[in-house]
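# An overview of the molecular structure
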Amino acid sequence: MNTTSQVPFFAPHQGLRAAPRGWARAIVRRVFEPGRDARPSASTVSLNRGATTWVAQPHGCRVTCERGVLWLCFDGEPVDIVLEPGQTHTCAQRSPLSIHALSQSVVRLA
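Residues numbered from 1 in each chain as written. Predicted model: local features only at pLDDT ≥ 70, side-chain atom pairs only at ≥ 80, totals over all residues. Heavy atoms only, no water.

### Some words on the overall build of the chain
Secondary structure assignment for the chain yields 1 helix and 8 strands. Taken from the N to the C terminus, the helices and strands of the chain come in the order α-β-β-β-β-β-β-β-β. When burial is assessed residue by residue, the chain has 32% of its 110 residues classed as buried. Pairs at least 24 residues apart make up 67% of the contacts formed inside the chain by residues separated by at least 6 positions. Accessible area for the chain stands at about 7300 Å²; split by element, carbon and sulfur atoms hold 52% of it. (Helix = DSSP H or I, 4+ residues; strand = E, 2+ residues; numbered from the N terminus. Buried < 20%, exposed > 50% of the residue type's maximum accessible area, 1.4 Å probe, protein only. Contact = heavy atoms within 4.5 Å. Areas by Shrake-Rupley, 256 points an atom, 1.4 Å probe, with all protein chains shown as cover.)

As structure tokens, this is what we get:
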């Protein structure tokens, strides 16, 4: 008897955008929101070139590029933002935020 269950497959180059909208939100909530109202304290993250990290609830979060070049994309929003070293963006959107490293980068989230 086959006991495997079907799990949606996400192609690595498409990430969560390849998933149906409901699945993407469920995954973001499950993986990135341990507590519904939990807001991580200020943290610094190193990203290799081509790496992506997600912020589930970015509203009010300040993203600072300390080194490298970052590409910020809000899920479902038409405007993307590119940050270079020393630049900061304060998030006004509530949709999940992907932070993609265009080069070896260090990002500070507060």
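### Thoughts on the nonpolar core
Core analysis: the largest hydrophobic core is formed by 16 residues, its most contacted members being Val63, Leu97 and Ile99. For this core, the secondary structure elements donating two or more residues are strand S3 (62-67), strand S4 (70-74), strand S5 (80-83), strand S7 (97-101) and strand S8 (105-109). (Core = buried A, V, L, I, M, F, W, Y, C linked by side-chain atoms within 4.5 Å.)

### Notes on the sheet that holds S7
Here 4 strands make up an open sheet; going across it, the order is S2-S7-S4-S5 and the pairing antiparallel. The two strands at the open ends of the sheet, each matched to only one other strand, are strand S2 (52-55) and S5. When strand polarity is set aside, the average angle formed by the axes of neighbouring strands in this sheet is 20 degrees. Two elements, S2 and S7, share 4 bridges in a ladder whose sense is antiparallel. Its bridge partner lying in S7, Trp54 is registered against Ser98. (Pairing = 2+ DSSP bridges. Axes fitted to C-alpha atoms, helices over the stretch in contact; angles between N-to-C directions.)

### Quick look at a nonpolar patch on the surface
A contiguous nonpolar surface patch, about 250 Å² in accessible area, is contributed by Trp71, Val82 and Leu102. Tracing the chain through its elements places Val82 in strand S5. Residue Val82 is classed as partly exposed on the basis of its relative accessible area of 46%. (Patch = residues over 30% accessible without salt bridge, like charges linked within 9 Å, V, L, I, M, F, W, Y side chains within 5 Å. Salt bridge = Lys/Arg side-chain N within 4 Å of Asp/Glu carboxyl O.)

### Focus: the pairing of S5
Of the two faces of S5, the one holding Ile81 and Leu83 is buried and the one holding Asp80 and Val82 is not buried anywhere. The hairpin turn running from S4 into S5, its antiparallel successor, is 5 residues long, and Gly76 in that turn takes a positive phi close to 85 degrees.

### Notes on the sheet that holds strand S1 (residues 43-47)
Sheet architecture is open: 4 strands sit in the order S1-S8-S3-S6, paired in antiparallel fashion. At either end of the open sheet lies a strand with only one pairing partner, and these are S1 and strand S6 (88-90). Adjacent strand axes in the sheet meet at a mean angle of 20 degrees, parallel and antiparallel pairs treated alike. Across 3 bridges, the pairing between S3 and S6 is antiparallel. When the bridges of S6 are listed, Val63 appears paired with His89.

### Concerning the environment of Ala110
Mapped onto the elements of the fold, Ala110 is located in the segment after S8. Between the C-alpha atom of Ala110 and that of Thr44, which follows or precedes it by 66 residues, the distance is 8.8 Å. If sequence neighbours within four positions are ignored, Ala110 has contacts with Ala42, Gly60, Cys61 and Arg62.

Function-wise, these values are silent; they only describe arrangement.
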